[in-house]
Structure formats: structure tokens, C-alpha cells
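Below, each chain spelled out in residue letters.
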Amino acid sequence: MSTIQPFEKPLGMRDTLPRLYAQQHTIRAEAMDYMRKHGYEFIQTPSLEYFETIGKISSLDEAALFKLVDNQGEMLVLRPDLTTPIARIAAAKLLKEKNPLRLAYSSTVFRAQQREGGRPAEFEQLGLELLGDTSALADSEMLQMAAGLLKSLGLQNFTITVGHAGLINHAIDNLIPDSTERDRVRHFLVDKNFVGIDRWAATYADSEQFFAFFQQSIRGTTLKELLEQFPVLQTEAAEQFLSVSNWIDDLPELKEHFQLDPLVVSHMHYYTGMVFEVYAEGSGFALGNGGRYDDLLEQFGMKVGATGFSIRLDYLLEILPTAVDAPTRTLIYTDQESTRDANQQAAALRVQGNYVTVQYKESVLDKTAFERNFDDVIDLTKEAR
Ligand SMILES: N[C@@H](Cc1c[nH]c[nH+]1)C(=O)O
């Protein structure tokens, strides 16, 4: 027997009430404007995709996918991210018309949550993808766009930690002999569970090499020094990571926001190059993340590199100063005789930018409570005349 109550919602699903909705709208509009001004075009992809394609390729842990079966018997998933569907459309169509291609989105994604976590399972991402450009400049553009966007929204105290997927994967693969242990460490790093890594090192005999690398990285040892200590890490990935610090130095206005961190590992497994995570004062979680994913489009039949990032709208809202210039909310009370006048006054006020509600006064039971929802009240009923 079901114990679900009529007002309950599925785990992780949230309602967006009017005040929050209005704030979201303001921030979204500003962010979209910033992205458009930098040459990005908005796109919308379907909520449902095939499990066999997007579901598998997005390579998020399967437990996080919402699955359902359509009436043809095909397994579907609610999109767990936008990067993979965009790779699909870009490879199938858009890159043939424009290459490099700059796309943007403001869409919800769905990721099933653990019962204890209390986190939303549906949330909106504002994101960008730059497809068809493998240059370091494209990666630099992503870092600049992420930092520039946050600044344009009025955020001051944020840090973007930059790593390299190739480098950390190479370190894990070469410094940890056992593949099951490698997976455990990867999970710890995704979750930033450094205590877990300490415990792992204490119990796993062959952890010494990786643990030394881990500790040095935490202490902020420079990559040059790390490479001297661990010559096995001297690869093209390391070279690329070294060059990242050079172009960060070339961004004087944004430089203070960046921090190199070889331990950045994303929950998405498709990254191949530079990766980054965005943190801001006041938010316990990463606001967003991104990076280079040069092999993803190949899974859709096109061999081109790409890079991108997304920021979570819900986390942004929690830390941004609330918009102050909200329009005046005006209430006009009306009765049978004053409806015409009410509509005329309402139209004039709307032209001035007010949000105007025309309400038949007799229908309002608790007037004091109702009026609390407005900044201004104009009473055109007979009793007020
Ligand atoms: N799709 C990634 C973020 C990203 C966009 N582009 C590249 N990476 C995520 O949801 O984590």
C-alpha cells in the first residue's frame, strides 16, 4: 500500500514559488545577455533522450540517471547534462554549418539523489560549449567567460580551481597499481573526500606513491617540482597544464580568481584536458564546472575537440545579492462601476513598468493579508469614493 501523501513530491523535486521564480528570471536574463554579447547562441534540447546514446555517453554513474520506458519499449533517460546532447546535435548538424561553433543554454538537468542528501534532483544550468576549437585560447576563453559572467552578475569573492584531466588520470593510473583501488581514489577525489584518501592510504599497502603525490599537491607544490619528484608524470598533459599557468598570468584582471590544483576530478568522465571548478564564498558546493572534452564528439561520428562549462542557477541565487530594482507591485480594487476606470489606470501604470493587479474588491476575504503582497493599493470602489 502506498504511503505517499497527496502533497508529497518525488525525492529531490522542488517547487519554485513566485518570489524565487522572479529572482531566477532576473539572473537568468542577465546571464543570457552576457553570453549572447560574447557570440554564443542559445539552444534547447529535449528533456528525454535514449539511454543507449546520451545515457551511456554522458558517463555519469548510472545510479544518478532517471530512466523510463517509452511506448515502443525503448529505454529513455531524463537528460543528466547538456554537453552530451549538444555534442549530438553539433556532430549531426550544426558543425557542418558553422565551425568553430559557440552554443549556450539555460536548461534543467536531472540527477537522482540519495535519500539522505536532501539535494535537488532537478536543477537549472547556465552553460556554454565551444566546439571545433582545440586551441589553448579556446580553454582560456572558457575561463574568462566563467569569471567574466560571475563578475557581471555582481559576484566578487569566487575562485576557479583549474586542473587537467589527462594529468590526474595519468597520475592515478601510474602511481596506483590496482585498478579497483584507482576507482576508489577517483571517487574520493570527485567527492573531495580527503579524509577518505587519508584512511585509504593507511589501509592500502601500495598507496605510498600516489599518497605522496596527493600530499604534495595539497601543500601547493608547484607542478615543476611535482614533475621532478614524479618523472613518470612528464607527459603532454603535464606540458599543457604548465602552459595553463602562463595564460592565466596573461589575464591580469581575472588572475586573482584562479588557482591551479592538479587534484580536480569531475563527476563527468568525458574530460580529456583542462578542467575547472567554480567556488564562491557562501556556497558549500561548487557553483559550476567545466573543461575540455576532445573525445566526446567522436562517439557521435565526428572527430573534433570541444570545451565548455556550466553554472548552477540555484547555487548562484543563494549567494548573489538580491535584485533591488524589482518593479512596483500595484493593486487596484474595483467594483462593478469602476472596472473601466481600473483597466485604464492599470494600462497606464503598466506602461510605466509597474506590475498591476486589478481585483474585484468584494471577492477578497482577508484584505489586510492580501494587501501585504503589494507595494501600492489604489481603491476605486464606491466605498472609497
Ligand atoms: N556538463 C558538465 C559541465 C560542462 C559543460 N561543458 C563542459 N562541461 C556538467 O554538467 O558537469
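Note that the coordinates shown come from a computational prediction; the quantities given were computed from them, not determined experimentally. Numbering of residues starts from 1 in each chain and follows the order in which that chain's sequence is written. For a predicted model such as this one, the threshold for reporting local features is a pLDDT of at least 70, and the threshold for listing and counting side-chain atom pairs is 80 or more; totals across whole chains, interfaces and linings nevertheless cover every residue. Only hydrogens and water are set aside when side-chain values are computed; all heavy atoms of the structure are taken into account.

## Digging into the overall build of the chain
So, point 1. Labels follow the DSSP assignment, with helices taken as runs of H or I lasting at least four residues and strands as runs of E lasting at least two, numbered in each case from the N terminus. Tallying secondary structure elements over the chain gives 13 helices and 14 strands in all.
So, point 2. Taken along its principal axes, the extent of the C-alpha atoms in the chain is 90 × 60 × 45 Å.
So, point 3. Only protein chains enter the accessibility calculation, which uses a 1.4 Å probe; a residue whose area is less than 20% of its type maximum is buried, one above 50% is exposed, and one in between is partly exposed. Here the chain holds 385 residues, and the buried ones make up 46% of them.
So, point 4. As displayed, the chain has an accessible area near 20400 Å², and 50% of this comes from carbon and sulfur atoms.
So, point 5. Taking the average location of the 37 positive side-chain charges in the chain and that of its 55 negative ones, the two points are 5 Å from each other. The Shrake-Rupley method, run with a 1.4 Å probe, gives the accessible areas here. Residue values count only the displayed protein chains as cover. In this charge count, Lys and Arg are treated as positive and Asp and Glu as negative; neither His nor the chain ends contribute. A charged residue contributes its charge at one atom only: NZ of Lys, CZ of Arg, CG of Asp or CD of Glu.

## Observations regarding the packing of helix H1 (residues 18-37) against helix H4 (residues 136-152)
So, point 1. Only C-alpha atoms enter the line fits that serve as axes; for helices the fit covers just the stretch in contact. Angles between N-to-C directions range over 0 to 180 degrees. Packing of H1 against H4 brings their axes to within 10 Å, and their N-to-C directions diverge by 140 degrees. By the angle class used here, H1 and H4 are oblique. Between H1 and H4 lies a crossing of right-handed hand. On H4, the residues that touch Glu-30, Ala-31, Tyr-34 and Met-35 of H1 are Gln-144, Met-145, Gly-148, Leu-149 and Ser-152.
So, point 2. The nonpolar class holds Ala, Val, Leu, Ile, Met, Phe, Trp, Tyr, Cys and Pro. Asp, Glu, Lys and Arg form the charged class, and all remaining residues, Gly among them, are polar. Per-class residue counts for the contact of H1 with H4 are five nonpolar, three polar and one charged. With respect to orientation, any angle under 35 degrees is reported as roughly parallel, any angle over 145 as roughly antiparallel, any angle of 65 to 115 as roughly perpendicular, and every other angle as oblique. By the definition used in this description, the sense in which the near helix is turned from the far one sets the handedness, with an anticlockwise turn below a right angle giving left-handed and a clockwise turn giving right-handed. Residue contacts are counted whenever heavy atoms from the two residues lie within 4.5 Å of one another.

## Some details on the UniProt feature "binding site: L-histidine" (unreviewed entry) in the chain
So, point 1. UniProt positions are given in the numbering used here, feature names are shortened, and annotations may be inferred rather than shown by experiment. Under the present numbering, the feature "binding site: L-histidine" (unreviewed entry) in UniProt falls on Asp-81, Leu-82, Thr-83, Arg-111, Gln-125, Glu-129, Tyr-270 and Tyr-271.
So, point 2. Among the secondary structure elements, Asp-81 is positioned in the loop between strand S4 (75-78) and helix H3 (83-97).
So, point 3. Among the residues examined, Asp-81 registers a relative accessible area of 3% and is labelled buried.
So, point 4. Once residues lying within four places of it in the same chain are set aside, the contact partners of Asp-81 are Ser-58, Val-109, Arg-111, Met-268 and Tyr-270.
So, point 5. For Asp-81, the side chain forms a polar contact with the side chain of Thr-83, separated by 3.4 Å.
So, point 6. Apart from residues lying up to four places away in sequence, Glu-129 is in contact with Tyr-40, Thr-83, Ile-86, Leu-101, Arg-102, Leu-103, Tyr-105, Tyr-293, Thr-307, Gly-308 and Phe-309.
So, point 7. Counting of polar contacts relies on pairs of N or O atoms within 3.5 Å, with two restrictions inside protein: one atom must be capable of donating a hydrogen and the other of accepting it, and residues adjacent in sequence are counted only when both atoms are side-chain atoms. Side-chain polar atoms of Glu-129 contact the side chain of Tyr-105, separated by 2.7 Å.

## Details of the side chain of Ser-58
So, point 1. Within the element layout of this structure, Ser-58 appears in the loop between helix H2 (51-57) and strand S3 (67-69).
So, point 2. By relative accessible area, which is 0% here, Ser-58 ends up buried.

## Some remarks on the sheet that holds strand S14 (residues 376-379)
So, point 1. We call two strands paired when DSSP finds no fewer than two bridges between them. Spatial strand order, S13-S12-S14: three strands in an open sheet with parallel pairing. The outermost strands of the open sheet, each flanked by one partner alone, are strand S13 (355-360) and S14. Averaged over all pairs of adjacent strands, the angle between strand axes in this sheet comes to 20 degrees, irrespective of strand direction.
So, point 2. Taken together, the six bridges between strand S12 (residues 329-334) and S13 define a ladder with parallel strand orientation. Bridged to Tyr-333 within S13 is Gln-359.

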